[in-house]
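One-letter residues, chain by chain:
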Amino acid sequence: MVRPMELRHLRYFAAVAEHLSFTAAAQSLGVSQPPLSQQIRDLEVEIGVNLFERSSRRVVLTAAGEDFLGNARAVLAQVSDAVDRARTIGTGAAGILNIGMTSSVLAGPAGCLIRAFEQRFRAVDVRIHEMAPTDQIAALKANRTDLSFLRSPPEDPDLVAHMAWPERLCVAVPREHALAAGRSVAIDVFRSEPLISLGLESSRFAADIYHACIQRGFTPSISQQVNEASSLINLVAAGFGLAIIPEFVGRARHPDVVVLPIKPSFLSADVYALHHTRRNPVIDNFLALIREEAPGLIARFQKR
């Protein structure tokens with residue numbers, strides 16, 4: 001009984017067709033000649049035609065063999081490509097990486113990290129999705145994104161958080177404000193100064209700041225709530241109040257705004273990389289790159 005055609009048959013046939021010698025083909029494949037000859041005979045029986053003309057002097061492809069060779073090589077090439085693709089995906093060197101983040105995170109080293117990752121893993125398609133923190137969590141849990149950058153990650157058994165980089169908090173002050181002449185701002189200033197905040201319902205980070213003020217014995221008076229960190233600085237410039245912002249958001253200079261550190265330190269704006277509990281080699285590679293590149297990037301950003 002002839003066994004059904006297998007990839008082995010195609011590899012053996014292609015080797016014989018290349019060398020036009022059963023002996024040379026067997027040597028190139030690292031097999032003995034009798035099993036090789038039997039495999040070719042089995043292949044010809046299954047197909048129902050001779051693929052080679054054999055004589056004591058030579059081996060020649062038949063017309064059917066010539067035609068079959070092109071298709072056999074195409075199949076073997078496709079299988080080789082599929083194997084290579086599976087290996088690169090399995091090691092995280094290829095695939096798609098959907099990343100959710102806010103604009104305030106992009107103000108820091110996130111963009112540089114993503115660019116460095118793209119240059120190192122060129123077969124990975126990185127797609128950035130700018131969205132509110134609450135939407136990021138929903139997207140992660142619905143598998144619409146693979147990774148998120150958040151400042152106040154939730155405690156969720158389905159998600160894993162890794163510290164991506166540290167970031168301090170600062171206060172944005174109108175340039176004409178009396179506080180602008182100082183070197184720092186105390187958080188207690190918000191006992192009397194209006195606070196411009198990110199939305200308390202959409203940003204856990206903003207909610208953490210609000211509740212930390214309450215724990216210090218006062219409830220901040222929020223004059224405006226916005227969705228984007230860049231809007232905080234614009235409203236400060238317009239005179240709506242002061243804003244507590246992450247350090248690197250303050251790098252987006254505004255001529256009418258002064259950014260000062262909070263002294264003593266008050267919470268932090270540390271950024272975390274958040275992903276699902278399932279293993280993903282692409283994410284593993286990205287996290288490894290963060291550990292490698294983030295410290296140097298942070299040092300450069302803080303010198304600017």
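Parameters at a glance
- Residues numbered from 1 in each chain as written.
- Predicted model: local features only at pLDDT ≥ 70, side-chain atom pairs only at ≥ 80, totals over all residues.
- Heavy atoms only, no water.
- UniProt positions renumbered as here; feature names shortened; annotations may be inferred.
- Pairing = 2+ DSSP bridges.
- Helix = DSSP H or I, 4+ residues; strand = E, 2+ residues; numbered from the N terminus.
- Phe/Tyr/Trp six-rings, centres within 6.5 Å; stacked < 30°, edge-to-face > 60°.
- Buried < 20%, exposed > 50% of the residue type's maximum accessible area, 1.4 Å probe, protein only.
- 1 Å grid on protein atoms, 1.4 Å probe; cavity = no way out; pocket = protein on both sides within 12 Å on 5 of 7 lines; lining within 4 Å.
- Points joined across faces, edges and corners; volume = space filled by probe spheres on them.
- Axes fitted to C-alpha atoms, helices over the stretch in contact; angles between N-to-C directions.
- Contact = heavy atoms within 4.5 Å.
- Arc of directions from axis to C-beta.
- Domains from an automatic or database assignment.
- Salt bridge = Lys/Arg side-chain N within 4 Å of Asp/Glu carboxyl O.
- Polar contact = N/O pair within 3.5 Å; in protein donor to acceptor, adjacent residues only side chain to side chain.
- Nonpolar A, V, L, I, M, F, W, Y, C, P; charged D, E, K, R; others polar.

Going by what an unreviewed UniProt entry lists, the protein chain is known as Transcriptional regulator, LysR family and is assigned to Methylobacterium radiotolerans. Recorded under Sequence similarities (unreviewed entry), the UniProt text for the protein chain is reproduced unchanged: "Belongs to the LysR transcriptional regulatory family."

Considering the pairing of strand β12 (residues 271-276)
Of the pairings in the sheet, the one linking strand β5 (residues 147-150) to β12 comprises four bridges and is antiparallel in character. Following the sheet pairing, Ser-148 is matched in β12 by Leu-274. Note: strand β6 (residues 159-165) against β12, six bridges, orientation antiparallel. Its bridge partner being in β12, Trp-165 is matched across the sheet by Val-271.

Focus on the UniProt feature "domain: HTH lysR-type" (unreviewed entry) in the protein chain
Residues annotated by UniProt as "domain: HTH lysR-type" (unreviewed entry) correspond here to residues 5-62. Structurally, residues 5-62 comprises 62% helix and 10% strand, and the distance from its first C-alpha atom to its last is 19 Å.

Re the packing of aromatic side chains
Enumeration according to the criterion identifies seven aromatic pairs in this entry. The interplanar angle of 55 degrees and the centroid separation of 5.0 Å between the aromatic rings of Phe-117 and Phe-286 together place this pair among those described as tilted. Placement of the pair is Phe-117 in helix α6 (residues 110-120) and Phe-286 in helix α10 (residues 281-303), with a sequence separation of 169 residues. You'll find Phe-117 and Phe-286 in the same group, each marked buried.

Things to note about empty space enclosed by the protein
Applying the stated rule across the entire model yields one cavity of 30 Å³ or more. As for the largest cavity, its lining consists of Leu-195, Ile-196, Ser-197, Leu-198, Leu-200, Phe-205, Ala-206, Ile-209, Tyr-210, Leu-232 and Ile-244. Elements represented by at least two residues in the lining of the largest cavity include exactly β8 (195-198) and α8 (204-215).

A look at the sheet that holds strand β7 (residues 169-174)
The strand order β9-β8-β10-β7-β11 describes an open sheet built from five strands, whose pairing is mixed. Lying at the two open borders of the sheet, with one neighbouring strand each, are β9 (222-226) and β11 (257-261). With direction set aside, neighbouring strand axes in the sheet form an average angle of 30 degrees. Note: β7 against β11, five bridges, orientation antiparallel. Within β11, the residue paired with Cys-170 across the bridge is Pro-261. Packed on one face of the sheet, α8 meets β7, β8, β9 and β10 (242-246) and runs near 145 degrees to β8.

Describing helix α9 (residues 229-237)
Within α9, the full set of buried residues consists of Ala-229, Leu-232, Ile-233, Leu-235 and Val-236. Projected onto a plane normal to the axis of α9, the buried residues spread over an arc of 165 degrees and lie on a single side. Following α9 by one or two positions, Gly-239 has its phi on the positive side, about 95 degrees.

Looking at the domain arrangement of the protein chain
One can read the domain layout of the protein chain as domain 1 (5-89), domain 2 (93-164 + 269-301) and domain 3 (167-259). Computed over C-alpha atoms only, the centres of domain 2 and domain 3 are separated by 26 Å. In this complex, domain 2 contributes 18 residues to the contact, which on the side of domain 3 involves 15 residues. Note that Glu-167 is salt-bridged to Arg-151, the shortest N-O span being 3.0 Å. Run the count over domain 2 and domain 3 and you get seven residue pairs in polar contact (both at pLDDT 80 or more). Elements that contribute at least two residues to the side of domain 2 that touches domain 3 include exactly α5 (103-106), α7 (133-141) and α10. Of the residues in the side of domain 2 that touches domain 3, the class split is nine nonpolar, five polar and four charged.

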